[in-house]
Amino acid sequence: MTFYLLVALIAGLVSFGASWGVLRLSHRFKLYPGIRERDVHTTPTPRLGGIAIVIGIVVALAIASQISWFNLVYADPFPIIAIVASALIMLGLGVVDDLYDLDWMTKLAGQLLIAGFLAWSSLQLTSLPIGPDGGITLLSPTMSLIVTVLAVVLVMNAVNFIDGLDGLVAGVTLIAGTVFFIYSYLLSIDTAQSAFNLASLVMAVLLGATAGFLPFNWHPAKIFMGDGGALVVGMLMAVSTISVTGQIDPGIDRSQLVPAFIPLLLPFAVLIVPLLDFGLAVLRRLRAGKSPFSADRKHLHHRLLDMGHSHFHAVLIFYAWTAVVAFGALLFLFWAWWWALTAMVVGLIACTLVTLAPLSRRKRIEAVAQSAPEGEDDLARFDPLDAAAPDSLDEASLEADAVATGLLDAPTATADPDPALRPEESR
């Protein structure tokens, strides 16, 4: 564990320094696009943070190759070389997109080629936890290639789709990645193998590089990771997951089957929010006759902002959902299933209440306004659903006016959110 922490620390320090350098260079040479209609930020901000993340990852992997404890991981260097090459190519494609807005077909073609290259380099899903009598099904070479490519492309785009708020992808990666690292590390020990393995190493350097970048990406963000960073983060999370399957013994006892395949299920659990957002976005765009990769302002983080959450609160809500599902899945390894399930359900209920809190407050304002005596012409402005209500009135102004005119009691004293934290547009 000490050496994993060491390489993570190296990745973090390098990423932090590289983030500062990329930020300075971006402003000096004005390497940032203009504000788009769907953007949250209101001032031009560089989107090249992915460069700093990848630099941190590559440097940490290079140093790890010189540490004797990782000799087993580097005994066959080709997978590591394939991962680094794929990350650099994916970064290049993402950076070009961040600067010049590539069409979705070009980006998808690049993702498929990179995923295919990773699969060709032996990083493949070789088995699935399904089969006769609860057994394991070994995939044919062709099916293994197809499933691997689809999984990598799916996770890459799911992570990229939620990259719409400051610190969102970085924070979700840290939460989900920490849970996955803990499991991959424990799995290596439990299967009587060395604690040093490719999956844990890749995740450790990813966590370190992401942590080093987060201070520059925290709200209000000085720099974004952009498509280049988000796609690489998603790719490495998928690769780490796929690498774990190499630790699974196809002849494993049936009583150990479910614990052994948690690494296959865990990434989908910890990425449930981005995967859900990705699925809803694809369905929404296809129903509208648009490309599934076209941009819009209807992602889950956009909806949280529209509900009345501040930028900061929306990010924390995403963190909370990710933490509950990720750590809840991990609890099944240590607690009886009913205790783990109970803890997860309680956490999900709490997250739901916090997520829907602005709707309850808004409904209370509308209910009071709609039940007011007829003839009071100015009361229509307290009902956002009324066609005569001005578009400029937001929830905060409605509540303030309702309190001022006596329709609602004054709320208890709380610290008002910083108006600067309430975005005017969506990224």
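Only a predicted model underlies this, so the values are computations on that prediction, with no experimental measurement involved.

### Notes on the packing of helix 1 (residues 2-28) against helix 2 (residues 49-64)
Logical step 1: Contact pair helix 1 / helix 2: the axes reach a minimum separation of 7 Å and the direction vectors enclose 145°. You can see that helix 1 and helix 2 cross each other, and the crossing is right-handed. On helix 2, the residues touching Val7, Ile10, Ala11, Val14, Ser15, Ala18, Ser19 and Val22 of helix 1 are Ile51, Ala52, Ile53, Ile55, Gly56, Val59, Ala60, Ile63 and Ala64.
Logical step 2: Residue classes in the contact of helix 1 with helix 2 are distributed as 14 nonpolar, three polar and no charged.

### Some thoughts on the confidence of the model for the protein chain
Logical step 1: Confidence in the prediction of the protein chain, expressed as mean pLDDT, is 78, and 68% of residues score 70 or more.
Logical step 2: Least confident of the elements in the protein chain is helix 9 (residues 257-260), whose mean pLDDT is 48; most confident is helix 2, at 96.
Logical step 3: In the model, residues 250-258 has pLDDT below 50 throughout and makes nine contacts with residues more than four positions away in sequence or in other chains.
Logical step 4: This model gives residues 379-393 a pLDDT under 50, and the stretch forms 27 contacts once residues within four places in sequence are excluded.

### Here we look at the environment of Asp97
Logical step 1: Secondary-structure assignment places Asp97 in helix 3 (residues 78-100).
Logical step 2: Look at Asp97 and you get buried, because its relative accessible area is 5%.
Logical step 3: Apart from the residues within four sequence positions on either side, Asp97 is in contact with Leu102, Lys107 and Asp227.
Logical step 4: Reaching out from Asp97, the side chain makes a polar contact with the backbone nitrogen of Leu102 at a distance of 2.8 Å.

### Some details on the nonpolar core
Logical step 1: Counting 93 residues, the largest nonpolar core has Phe70, Leu201 and Met235 as the members making the most contacts within it.
Logical step 2: Tallying contributions element by element places helix 7 (residues 198-217) first for this core, with 13 residues.
Logical step 3: Sequence-distant contacts of Leu201, that is, excluding residues within four places in its chain, are made with Tyr4, Val7, Leu61, Ala64, Phe70, Val73 and Tyr74.

Rules behind the numbers
- Residues numbered from 1 in each chain as written.
- Predicted model: local features only at pLDDT ≥ 70, side-chain atom pairs only at ≥ 80, totals over all residues.
- Heavy atoms only, no water.
- Axes fitted to C-alpha atoms, helices over the stretch in contact; angles between N-to-C directions.
- Helix = DSSP H or I, 4+ residues; strand = E, 2+ residues; numbered from the N terminus.
- Left-handed = near helix turned anticlockwise from the far one by under 90°.
- Contact = heavy atoms within 4.5 Å.
- Nonpolar A, V, L, I, M, F, W, Y, C, P; charged D, E, K, R; others polar.
- pLDDT = per-residue confidence, 0-100.
- Buried < 20%, exposed > 50% of the residue type's maximum accessible area, 1.4 Å probe, protein only.
- Polar contact = N/O pair within 3.5 Å; in protein donor to acceptor, adjacent residues only side chain to side chain.
- Core = buried A, V, L, I, M, F, W, Y, C linked by side-chain atoms within 4.5 Å.

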